[in-house]
Amino acid sequence: MKLAFIGLGVMGFPMAGHLQQAGHQVCVYNRSAAKAKDWAERHGGTYAATPAEAAKDADMVMVCVGNDDDVRSVVYGEQGVLAGIKAGALLVDHTTTSAMLSEELAAAAEKQSVRFIDAPVSGGQLGAENGALTIMVGGAEADVADATPVLSAYGKKVTRLGPVGAGQRCKMVNQICVIGAVQGIAEGLMIAQKSGLDIPTLIDVLAGGAAQSWQLENRAQTMANGEFDFGFAAQWMHKDLGICLDEAKQQGLTLPLTDHVHKVYETLLEEGLGRCDSTVVIKDLAR
């Protein structure tokens, strides 16, 4: 298929590469033209000067940028995706955004006879590089069915949760569960370290019981070591939890743990720790 990929960050760069390696014709766009050129030289695809140019004649267009406003900046306007995409094409948003934005984009796309699905991902940079992401999708059944063979180039699991917006709401649940595990591990490590427990032995014991989790097995030791150069950045988790809290407010819910950790990240960002990975919350407990 002829594809366009908009956004070549730590996730988008390898994801677009997997599409090209799968035999598709991929044209990329990135705000930094140098990165787009580098991608094309590495993977053999092409790059465009604007999102509209990249989307021209594409069967599917994937977007993977930072936040709601970033998505709007590459989708709307004279140089945006919707200015270049053809009728009948499928627009796929991999960005983690509000569900309201997904519904807004779907309505805007429909006016041009363009199909839309929201498809946020989980698995981090390593999952993107290994083509092993979990992709949570919201959209019409037929559109998701059309997209799944293509998305499988970098998604080990592609699952439809419901109509447009359902993928983003699933991602919200994912992020809430992740920070719950990370906060719990951080608090547990405080006791373990103060008590002089051997951390590798502790992790091995806990991994065999009910406390087992991906975060425990992959991040507890790095947290204990004070190493925060792995995985998802704190600044992006702060953004995602803000989306979760906004959604909860709209639904008349309160999320005490999510609200607390969101405030912790806010403090850490003010201290210049936004580029550290999301497990840096342990620094707040260690004060």
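Structure first, text after, so check above.
Definitions and cut-offs
- Residues numbered from 1 in each chain as written.
- Predicted model: local features only at pLDDT ≥ 70, side-chain atom pairs only at ≥ 80, totals over all residues.
- Heavy atoms only, no water.
- Salt bridge = Lys/Arg side-chain N within 4 Å of Asp/Glu carboxyl O.
- Helix = DSSP H or I, 4+ residues; strand = E, 2+ residues; numbered from the N terminus.
- Buried < 20%, exposed > 50% of the residue type's maximum accessible area, 1.4 Å probe, protein only.

1. Quick look at the pattern of salt bridges
Consideration 1: In total, this model carries 13 salt bridges according to the counting rule given.
Consideration 2: Between Arg160 and Glu141 there is a salt bridge, with the nearest N and O atoms lying 3.9 Å from each other. Taken together, the residues Arg160 in strand β9 (residues 155-162) and Glu141 in helix α8 (residues 141-151) connect sequence positions 19 residues apart.
Consideration 3: Residue class for Arg160 comes out partly exposed when judged on its relative accessible area of 34%.
Consideration 4: Note on Glu141: relative accessible area 59%, which makes it exposed.
Consideration 5: As a salt-bridge pair, Glu271 and Arg287 come within 3.1 Å of each other at their nearest N and O atoms. Of this pair, Glu271 sits in the loop between α13 (256-270) and α14 (282-285) while Arg287 sits in the segment after α14; the two residues are 16 residues apart in sequence, bridging distant segments of the chain.
Consideration 6: By relative accessible area, Arg287 is classed as exposed at 57%.
Consideration 7: Connected through shared salt-bridge partners, Asp69, Arg72 and Glu104 make up one network.

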